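Observations on the three-dimensional arrangement
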Amino acid sequence: MAHNNSGARETFATRLGFIMVSAGCAVGLGNVWRFPYICGQYGGGAFVLMYLVFLVIIGWPILCMEFTVGRGSRRGVARSFDELQPKGGKWHRFKWAALAGNYLLMMFYTTVAGWMLAYAAKSISGQLSGLTPDQVGATFGTMLGNPLEMFAFMAIIVVCGIAVCAFGIQRGVERVTKVMMTLLLGVMVIMIVRAATLPGAAEGLAFYLIPDFEKLFGSGLIATWDAVFAAMAHAFFTLSLGIGSMSVFGSYLSKERSIAGEAMRVAGLDTLVAIMAGLIIFPTCFAFGVQPDSGPGLVFITLPNVFEQMPLGQVWCSLFFLFMSAAALSTVIAVFESIMTFSIDQWGMDRRKACAINGVALFLLSLPCLLGFNVLSGVTFPGIGDIQSIEDFIVSNNLLPLGGMVFLLFCTRKKGWGFDAFLAEVDTGQGMRFPRFLRGYLTYVLPVIIAVVFVGGWLPVIQKWIALATGAG
């Protein structure tokens, strides 16, 4: 089996580039259409505080491990375990699950990113202006029912992602992502200022930011557990951990800085974007008496209706979807790079060939999700849903937590890389040291927490299956 071990590996041109690209991978649509919603549902600032604790004790250690495995091997997930595992080890077999996870994620994410681009075009061209609430809702439904429109915007996303990756890390991925992340943060700041100055915005800010521990802990054990699980799960999923899409950026990282501090900055930037999204959504919705919901309904129906009521609504709507497009495309580029690097490391392909082959594959494999909203809308799986929901469930509820467990066990078990080897690499360079005293927690407690996240992701599906079986019986 061919693999590429020759030549010096490209590195990021700047430290900021590494942080921006890694955060760009993590900053996804869930930061906008899920995090603010669950914050409001589970006590606002009280939930944020609990989430930050879980981010530090769950997300940050595994992020450190992904980066460290990448830097220690100077390879992406295709060869990192081969390079670091003991002789005769089987850890390298995980590479195929990681590759599948990256592909499955992009099989639906390219379509959703296309929606953002489509709505940016609709907003800028004025197609969303002057519509009634019912017409705004119908616009989204019409787009889902039009495979040609979605095909066109999905194709633009795939072509842009492949084109950026074709130029390599420094001239392509790093350069473009730094521009997009700067655009994203700049637009968000402008929209936060506008949202905070709307009449009635203070009520939304209070709902979002003032901790309500009664809502978090005062509604019984089941409600409290729901909040705790939501915080645990989001702390894990928000960083795109478990499928090697972060470890590849560790492989491009120099040894000048220790990894613990860099990982904290990446996690912090991802969290900052999520919190900033809430500072846009809650004041805006409360100012116009609209209850903020979650998911595509919030982004494509609720918020366009709210923007329509604002002075210069077309401008704010356009800015919002430009920021959403930048968030989606930054993730696409980052995960595409992980896929390209897999082909380069595993089979010794040159970058242009890897981009050409994987570009065609990504384009074709994105079609089932796209068609699942129209031509293939009858294809569903009981208890899970349509094609997009099936693909999302396989990645988010299975490959991410199980992959995170693999990285964790590999870095803490003697039969893997081992904690001492991990600690030596993670602490190489200037900056924050990784706490050695966490060894016991990482070895015995964190695996249990990840198992709880995994089982918790399956429980709603199992409950639906039981309900279906009971109903049928």
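Residues numbered from 1 in each chain as written. Predicted model: local features only at pLDDT ≥ 70, side-chain atom pairs only at ≥ 80, totals over all residues. Heavy atoms only, no water.

**A look at the overall build of the chain**
In terms of regular secondary structure, the chain is built from 21 helices and 0 strands. The C-alpha radius of gyration of the chain comes to 22 Å, within 12% of the 23 Å expected for a compact globule of 473 residues. The principal-axis extents of the C-alpha atoms in the chain amount to approximately 65 × 55 × 50 Å. For the chain, with 473 residues in total, the buried portion stands at 58%. By sequence separation, contacts in the chain at least 24 residues apart represent 82% of the contacts at least 6 residues apart. For the chain, the exposed area adds up to about 18,100 Å²; of that, 68% sits on carbon and sulfur atoms. Side chains of the chain give 30 positive and 25 negative charges; the mean places of these two sets differ by 12 Å. (Helix = DSSP H or I, 4+ residues; strand = E, 2+ residues; numbered from the N terminus. Rg over C-alpha atoms; globule rule 2.2 N^0.38 Å. Buried < 20%, exposed > 50% of the residue type's maximum accessible area, 1.4 Å probe, protein only. Contact = heavy atoms within 4.5 Å. Areas by Shrake-Rupley, 256 points an atom, 1.4 Å probe, with all protein chains shown as cover. Lys, Arg positive; Asp, Glu negative; His and termini not counted. Charge placed at Lys NZ, Arg CZ, Asp CG, Glu CD.)

**Details of the pattern of salt bridges**
For the structure shown, the criterion picks out 11 salt bridges. For Lys95, the salt bridge is made with Asp82, and the minimal N-O distance between the two is 3.1 Å. Highlighted residues: Lys95 in helix H6 (residues 94-125) and Asp82 in helix H5 (residues 80-84), separated in sequence by 13 residues. Accessibility expressed as a relative area gives 2% for Lys95, which makes it buried. Look at Asp82 and you get partly exposed, because its relative accessible area is 22%. Two residues, Asp420 and Arg436, come together in a salt bridge whose shortest N-O distance is 3.8 Å. Of this pair, Asp420 sits in helix H20 (residues 419-426) while Arg436 sits in the loop between H20 and helix H21 (439-472), and the two are 16 residues apart along the sequence. In the salt-bridge network here, residues are joined through shared partners; they are Arg15, Glu262 and Arg265. (Salt bridge = Lys/Arg side-chain N within 4 Å of Asp/Glu carboxyl O.)

**What about the nonpolar core?**
Phe47, Met116, Phe249, Phe320 and Phe434 are the most contacted members of the largest nonpolar core, which totals 161 residues. Aside from chain neighbours lying at most four places away, what touches Met116 is Leu29, Trp33, Val299, Phe300, Phe321, Met324, Ser325 and Ala328. (Core = buried A, V, L, I, M, F, W, Y, C linked by side-chain atoms within 4.5 Å.)

**A few points about the environment of Ser254**
Inspection of the secondary structure assignment puts Ser254 in the loop between helix H13 (247-250) and helix H14 (259-287). The spatial distance from the C-alpha of Ser254 to the C-alpha of Glu10 is 9.5 Å, given a sequence separation of 244 residues. When near neighbours in sequence (up to four residues on either side) are disregarded, Ser254 contacts Arg71 and Arg74.

**As for the environment of Ile62**
Mapped onto the fold, Ile62 is located in helix H4 (residues 45-73). Setting aside residues up to four positions removed in sequence, Ile62 forms contacts with Phe236, Leu241, Gly404, Leu446 and Ile450.

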